[in-house]
Amino acid sequence: MPAAPCGGGHNGTVNEPLPVLREVDQGTAKLLPDVDRQRAWLLTVDGAPQSYVDLDDPAHLEFEYARRLAHAVDCAVPEGGAPDVLHLGGGALTLPRWIAATRPGARQHVVEADRGLIALVEEHLPLPAGSGITVHAGDARARLEAAPARSADLLIADVFGGSRVPAHLTSVEYARAAERVLRPGGTYLANLADGAPFAFLRSQLATFAAVFEELALIAEPAVLRGRRFGNAVLVASHREIDTALLARRTAADAFPARVEHGASLARFTGDATVVRDGDAVASPEPPDGAFGIG
């Protein structure tokens, strides 16, 4: 969800589609057409970019964090696989559409709390027939705790209330619920956001390290060095993560990212402690302009 969008100009064209503005459960949603791509749209909620969807090319991922999630999916599920996927957080369904396009036959369930947003996306950005994607309205953690054990190969969390990860999706109890739903060798992915001194991000690493043996973190070097607030993708599994392949893929992006794991990730985590339900807090409020589109 919230992400700093990539740059790029727009050249005016005749008969451009018009923006769509609607009040949804969590604020004011806007669908803004990208005139450089014929049927592509940017979704924002209260000015924060949430999703970018190209209806003609669902394999196109505009946001850097979405590409990093996709790289992690590629490392976890080789091409030709048809995984069972549970998405917590839906937005405009960017990553579910990408998985449907790149992993035909995948079975995907998406949980989105904002019913107004679900209706907006259904109306203006409909899924193609036979996509294998089912959208459920409800709370992400409640749906996770009700899901059958060992029912998912991938669990992808991209949940933001406004521009913050909700507190009840940050605790060790939540991490254990995620681990219960994953099959042996399954992978948990989460889009997080933080800035120096990284109290939230470090606490998440400590929390998921208490449940999963293998962790990796993907973020731009400037974010990891504390120079700016930004997205970071957490990868967690009981299976060894192919960090070498992940590092090659993320380094080749237009905005290269670094993969931290092992000793370097332990140093980054430092003396952070496990978060429990009783003391969980939402991720920090981004500074002004961190995710705005101007």
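Everything quoted here is computed from the prediction, not taken from an experiment.

**As for the nonpolar core**
Thinking step 1. Ranked by size, the top nonpolar core spans 42 residues in total, and within it Leu 88, Leu 144, Leu 155, Tyr 188 and Phe 208 carry the most contacts.
Thinking step 2. Among the elements that take part in this core, helix H5 (residues 172-181) stands out by supplying six residues, more than any other.
Thinking step 3. Those residues in contact with Tyr 188, other than ones at most four positions away along the chain, are Leu 155, Ala 157, Tyr 174, Ala 178, Leu 182, Phe 208, Phe 212, Leu 234, Val 235 and Ala 236.

**Quick word on helix H1 (residues 64-76)**
Thinking step 1. Between its terminal C-alpha atoms H1 stretches 19 Å, which fits the 18 Å expected from 13 residues at 1.5 Å a residue.
Thinking step 2. Along H1, 13 of the 13 residues are buried, which leaves the element largely enclosed by surrounding structure.

**Some thoughts on unusual backbone geometry**
Among all residues except glycine, the phi angle is most often negative; among peptide bonds, the trans geometry is most common.
Thinking step 1. With an omega of 10°, the peptide bond running from Ala 196 to Pro 197 counts as cis.
Thinking step 2. On the secondary structure map, Pro 197 appears in the loop between strand E9 (182-194) and helix H6 (199-209).
Thinking step 3. At Leu 93, a residue that is not glycine, the phi angle is positive and equals roughly 70°.
Thinking step 4. If you trace the backbone, Leu 93 turns up in the loop between strand E5 (84-88) and helix H2 (94-102).
Thinking step 5. Judged by its relative accessible area of 5%, Leu 93 is buried.
Thinking step 6. The backbone of Arg 150 sits at a positive phi, close to 55°, despite the residue not being glycine.

**Focus on the packing of H6 against helix H9 (residues 262-269)**
Thinking step 1. Following both chains from N to C, one finds H6 and H9 inclined at 125°, their axes separated by 9 Å at the closest point. Judged by the inter-axis angle, H6 sits oblique to H9. Residues Leu 201, Arg 202, Leu 205 and Ala 206 of H6 form the contact with H9, whose participating residues are Leu 265, Phe 268 and Thr 269.
Thinking step 2. Across the contact of H6 with H9, the residue classes tally to five nonpolar, one polar and one charged.

**A look at the pairing of strand E10 (residues 214-219)**
Thinking step 1. Counting buried residues along E10, five of its six residues qualify, which places the element largely inside the surrounding structure.
Thinking step 2. Pairing of E10 with strand E11 (residues 230-237), which is carried by five bridges, proceeds in the antiparallel orientation. Counted as the bridge partner of Ala 216 is Val 235 from E11.
Thinking step 3. Taken together, the four bridges between E10 and strand E12 (residues 258-261) define a ladder with antiparallel strand orientation. Pairing of Ile 218 across the sheet is with Val 259, part of E12.

**Some remarks on the packing of aromatic side chains**
Thinking step 1. Counted by the stated rule, this structure contains six aromatic pairs.
Thinking step 2. By way of ring pairs, the aromatic residues Tyr 174, Tyr 188, Phe 208 and Phe 212 are connected into one cluster.
Thinking step 3. The ring of Phe 268 is capped by Arg 202, whose NZ or CZ atom sits 4.8 Å from the centre of that ring.

**Some words on the sheet that holds E5**
Through backbone hydrogen bonds, the strands of a sheet pair up, either in parallel or in antiparallel fashion.
Thinking step 1. Judged by pairing direction, the sheet is mixed, and its eight strands sit side by side in the order E7-E6-E5-E8-E9-E11-E10-E12 without closing on themselves. Single-partner strands in this sheet number two, and they are strand E7 (133-137) and E12. The average undirected angle you get between the axes of adjacent strands in this sheet is 15°.
Thinking step 2. Lying over the sheet, helix H3 (residues 115-124) contacts strand E6 (107-112) and E7, oriented at roughly 150° with respect to E7.
Thinking step 3. Running over the sheet, H9 touches E10 and E12 and is turned about 85° from E12.

**Topic: the packing of H1 against helix H8 (residues 243-251)**
Thinking step 1. At a closest axis distance of 10 Å, the pairing of H1 and H8 adopts a crossing angle of 150°. By the criterion of interaxial angle, the relationship of H1 to H8 is roughly antiparallel. At the point where H1 passes H8, the crossing takes the right-handed sense. When H1 is examined against H8, the residues Arg 68, His 71, Ala 72, Asp 74 and Cys 75 are found in contact with a partner set consisting of Leu 245, Leu 246, Arg 249 and Thr 250.
Thinking step 2. Residue classes in the contact of H1 with H8 are distributed as four nonpolar, two polar and three charged.

**Some thoughts on H8**
Thinking step 1. Buried within H8 are the following residues: Thr 243, Leu 246 and Thr 250. One face of H8 carries all of its buried residues, which in axial projection span an arc of 60°.
Thinking step 2. Contact partners of the buried residues in H8: H1, E10, E11 and E12.

**Describing the confidence of the model for the protein chain**
Low pLDDT marks stretches whose predicted atomic positions should not be read closely.
Thinking step 1. The pLDDT averaged across the protein chain works out to 93; a share of 93% of its residues lies at or above 70.
Thinking step 2. Every residue in residues 4-13 scores below 50 in pLDDT, and together they form 19 contacts with partners more than four places removed in sequence or on other chains.

**A word on the sheet that holds strand E2 (residues 27-34)**
Thinking step 1. The strand order across the open sheet formed by four strands is E1-E2-E3-E4, and the pairing between neighbours is antiparallel. Looking at the sheet topology across the chains shown, the edges are occupied by strand E1 (20-24) and strand E4 (48-54). When strand polarity is set aside, the average angle formed by the axes of neighbouring strands in this sheet is 20°.
Thinking step 2. Sheet analysis places strand E3 (residues 40-45) next to E4, joined by six bridges and oriented antiparallel. The partner of Val 45 across the bridge, within E4, is Ala 48.

Cut-offs and rules
Residues numbered from 1 in each chain as written. Predicted model: local features only at pLDDT ≥ 70, side-chain atom pairs only at ≥ 80, totals over all residues. Heavy atoms only, no water. Core = buried A, V, L, I, M, F, W, Y, C linked by side-chain atoms within 4.5 Å. Buried < 20%, exposed > 50% of the residue type's maximum accessible area, 1.4 Å probe, protein only. Helix = DSSP H or I, 4+ residues; strand = E, 2+ residues; numbered from the N terminus. Contact = heavy atoms within 4.5 Å. Expected span 1.5 Å × (residues − 1). Axes fitted to C-alpha atoms, helices over the stretch in contact; angles between N-to-C directions. Parallel < 35°, antiparallel > 145°, perpendicular 65-115°, else oblique. Nonpolar A, V, L, I, M, F, W, Y, C, P; charged D, E, K, R; others polar. Pairing = 2+ DSSP bridges. Phe/Tyr/Trp six-rings, centres within 6.5 Å; stacked < 30°, edge-to-face > 60°. Lys NZ or Arg CZ within 6 Å of the ring centre and 35° of its normal. Left-handed = near helix turned anticlockwise from the far one by under 90°. Arc of directions from axis to C-beta. pLDDT = per-residue confidence, 0-100.

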